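One-letter residues, chain by chain:
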Amino acid sequence: MKPTDISVPDYFHKVVDCQWACPAHTPVPEYIRLIAAGRYSDAYMVNWHSNVFPGILGRTCDRPCEPACRRVRVENEPVAICRLKRVAADYKDDIRARLPKPAPR
Ligand code: SF4
């Protein structure tokens, strides 16, 4: 049997259905864990790294991640992944110090 090639990041992405379904491959379980811990700014920054407009996407994304959510295997509804992105954006603290500095002119 051919050993699994784990050098390709897609291998890990595919294992996490919601993350794989997201066009930006946002690490969904990670930011949901951070929200559950009340760490909204950290959750926001996890989103920010894969798509720089979490607050906007939390309101407008077509959320292909949700139909891929494994929760639907045991419940009727997927996790509200998109809405949780909005929660992180709405409840985050001032994260400006964590953003890259603008390029010098
Ligand atoms: S809501 Fe959109 S951007 Fe966010 S994880 Fe789902 S597909 Fe990706």
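The coordinates are above.
Residues numbered from 1 in each chain as written. Predicted model: local features only at pLDDT ≥ 70, side-chain atom pairs only at ≥ 80, totals over all residues. Heavy atoms only, no water.

Caption draft 1: Structural detail: the side chain of N47. Along the chain, the position of N47 falls in helix α4 (residues 40–50). Since its relative accessible area comes to 0%, N47 is described here as buried. Discounting residues that sit within four places of it in the chain, N47 has contacts with T26, Y31, P54 and K85. (Helix = DSSP H or I, 4+ residues; strand = E, 2+ residues; numbered from the N terminus. Buried < 20%, exposed > 50% of the residue type's maximum accessible area, 1.4 Å probe, protein only. Contact = heavy atoms within 4.5 Å.)

Caption draft 2: A look at the environment of P67. When you line up the elements, P67 lands in the loop between α5 (54–60) and α6 (81–91). Judged by its relative accessible area of 65%, P67 falls in the exposed class. Placed 32 residues apart in sequence, P67 and L99 show a C-alpha to C-alpha distance of 31 Å.

Caption draft 3: Structural context of the site of the ligand. In the vicinity of the ligand, the contacting residues are C22, P23, V28, C61, R63, P64, C65, I81, C82 and K85. A total of 3 residues in the shell around the ligand trace back to one element, the largest contributor, which is α6. Split by residue class, the shell around the ligand holds 8 nonpolar, no polar and 2 charged. (Near = heavy atom within 4 Å. Nonpolar A, V, L, I, M, F, W, Y, C, P; charged D, E, K, R; others polar.)

Caption draft 4: Region of the structure containing the pattern of salt bridges. Taken as a whole, this structure holds 9 salt bridges when the rule is applied. Two residues, R63 and E66, come together in a salt bridge whose shortest N-O distance is 4.0 Å. Take R63: its relative accessible area is 30%, and that puts it in the partly exposed class. Salt-bridge contacts for R96 lead to D94; the nearest nitrogen and oxygen are separated by 2.7 Å. For R96, a relative accessible area of 63% corresponds to the exposed category. Among the charged side chains, a salt-bridge network with shared partners connects D17, R70 and R73. (Salt bridge = Lys/Arg side-chain N within 4 Å of Asp/Glu carboxyl O.)

Caption draft 5: Focus on the environment of C18. Tracing the backbone shows C18 in helix α2 (residues 17–21). Ignoring anything within four residues of it in the chain, the contact list for C18 reads V28, P29, C65, A68 and I81.

Caption draft 6: Main features of unusual backbone geometry. Positive phi, close to 50 degrees, is recorded for H25, a residue that is not glycine. Inspection of the secondary structure puts H25 in the loop between α2 and α3 (28–36). Here R63, not a glycine, exhibits a phi torsion of approximately 40 degrees, which is positive. Looking at the element boundaries, R63 is found in the loop between α5 and α6.

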